[in-house]
Amino acid sequence: MRLLAGIALSIFSVGLAAQDNIPSVDEFIEEQALKHDLDKSQLKQWLTSAQVNDDVLEAIQRPWEAKPWYQYYPIFLTEKRLKAGLKFWEKHEAPLQKAEQEYGVPAQIIVAIIGVETFYGNYMGKYSVLDSLYTLGFHYPPRAKFFRSELSEFFQLASEEGWDINSAKGSYAGAMGYGQFISSSYRYYAVDFDGDGERNLLTNPVDAIGSVANYFAKHKWQAGQPVAQPLGDDGNWSTVVSEGMKPNTSRKELVNKGFALPNHEAVSPETNVRVFEFETEESAEYWLGYDNFYVITRYNHSPLYAMAVYQFSEQLRNARQ
């Protein structure tokens, strides 16, 4: 999945001072061989072929999620994407229905994720995954440790799956396939959903459908529960907006503070929620986020992303009715 990489250029500059903490390539090879029983000569061959990509370093400092909501959502909520999503749904209706039954994740959420991530396989990334992870793991101090971990996962994944490591393409952050899984997510959440003996998220949309559903299920998606609800503009909602994404306040607590909440038959007064603020051109709009909204942010750690996915999923669902 795509990563929220909103690290300012100033932070990057400060982080350069910490570059001494980044191990050498030789040290990394020794560590990987010891911890994961990987062949040292193979690791050396892979890393010798890796190249620093300046475009990757530039891209990670200008993530879409740094935009305000009113500039962010028009990127994804388009008529073109909606038509493509409905076509994808119609073509893959059987596996989508199967995924919904097995994992409890609505088809519209799965279709929305794949549509937002790659426009149904049309834009799966142009960067060498090896180069991206090498660049960020050894030449981007603010998140070098994380990306070296993903590089390790990528090496293990390539070894397990028998990949040609130099041919894998993805996003600037090393995410791959229809659902843009990073290497660790690929290893732990990808499934062989069509039963052909291979977990193929790079060219197989059916495996991608099952894997997205599995990812959501493993992150505790709650079947039949709401994702989010819009809040009216008659309350002082800004006073209950807080940092973070996980629901941390019960509906009952908000009601006791005098806030009028929208009804929903599947929730109780004890259901935890969080109030989110989204910037509009003139002011702001407020939404009530539930546990399922939080689950979407596990795919990409951004409320903007989760709201775009949710609203797109609703467009898809309504268009199918």
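Treat the numbers as computed from the prediction; the structure is a model and nothing was measured.

1. Quick word on the overall build of the chain
Looking only at helices and strands, the chain features 15 helices and six strands. The C-alpha atoms of the chain give a radius of gyration of 21 Å, which matches the 20 Å a tight globule of 321 residues would have. Split into buried and exposed, the 321 residues of the chain put 53% on the buried side. Here the contacts in the chain between residues at least 6 apart in sequence split such that 71% fall between residues at least 24 apart. Taken as a whole, the chain presents about 15300 Å² of accessible surface, with 46% of it coming from carbon and sulfur.

2. Remarks on the environment of aspartate 39
Note on placement: aspartate 39 falls in the loop between helix H2 (25-36) and helix H3 (40-49). Once the C-alpha coordinates of aspartate 39 and serine 159 are considered, the two residues, 120 residues apart in sequence, prove to be 9.7 Å apart. A polar side-chain atom of aspartate 39 sits 2.8 Å from the main-chain amide nitrogen of glutamine 42.

3. Here's the deal with the environment of asparagine 166
Considering the arrangement of structural elements, one finds asparagine 166 in the loop between helix H10 (144-161) and strand S2 (169-170). As a C-alpha pair, asparagine 166 and asparagine 236 span 70 residues in sequence and 54 Å in three-dimensional space. With residues up to four places along the chain from it excluded, the contact list for asparagine 166 reads Ser49 and Leu130.

4. Some remarks on the sheet that holds strand S5 (residues 272-279)
Pairing is antiparallel across the open sheet formed by four strands, whose spatial order is S3-S6-S5-S4. Looking along the sheet, the strands with just one partner apiece sit at the ends: strand S3 (228-230) and strand S4 (249-250). When S3 meets strand S6 (residues 284-289), the two strands line up antiparallel, connected through three bridges. By the bridge assignment for S6, glutamine 229 is matched with leucine 288.

5. What to know about the nonpolar core
By size, the foremost hydrophobic cluster in this structure holds 89 residues, and its most contacted members are Phe154, Phe155 and Phe216. Leave out the neighbours within four places in its chain, and phenylalanine 216 touches Val105, Ile109, Ile113, Trp221, Val295, Ile296 and Tyr299. Trp237, Phe259, Val267 and Leu288 belong to the second largest nonpolar core, which has 12 residues in total.

6. Quick word on helix H7 (residues 93-103)
Among all positions of H7, only Pro95, Leu96 and Ala99 are buried. Angular distribution of buried residues about the axis of H7 spans 100°; they occupy a single face of the element. The outward face of H7, more than 90 degrees from its buried face, is lined by the exposed residues Ala94 and Gln101. Just downstream of H7 lies glycine 104, where phi reads positive at about 80°.

7. Points about the packing of H2 against H10
At a minimum axis separation of 11 Å, H2 and H10 run at an interaxial angle of 55°. In this view, H2 runs oblique relative to H10, as classed from their interaxial angle. Relative to H10, the crossing made by H2 is right-handed. Taken together, the residues of H10 that come into contact with H2 (itself represented by Phe28, Gln32 and His36) are Arg148, Leu151, Ser152, Phe155 and Gln156.

What counts as what
Residues numbered from 1 in each chain as written. Predicted model: local features only at pLDDT ≥ 70, side-chain atom pairs only at ≥ 80, totals over all residues. Heavy atoms only, no water. Helix = DSSP H or I, 4+ residues; strand = E, 2+ residues; numbered from the N terminus. Rg over C-alpha atoms; globule rule 2.2 N^0.38 Å. Buried < 20%, exposed > 50% of the residue type's maximum accessible area, 1.4 Å probe, protein only. Contact = heavy atoms within 4.5 Å. Areas by Shrake-Rupley, 256 points an atom, 1.4 Å probe, with all protein chains shown as cover. Polar contact = N/O pair within 3.5 Å; in protein donor to acceptor, adjacent residues only side chain to side chain. Pairing = 2+ DSSP bridges. Core = buried A, V, L, I, M, F, W, Y, C linked by side-chain atoms within 4.5 Å. Arc of directions from axis to C-beta. Axes fitted to C-alpha atoms, helices over the stretch in contact; angles between N-to-C directions. Parallel < 35°, antiparallel > 145°, perpendicular 65-115°, else oblique. Left-handed = near helix turned anticlockwise from the far one by under 90°.

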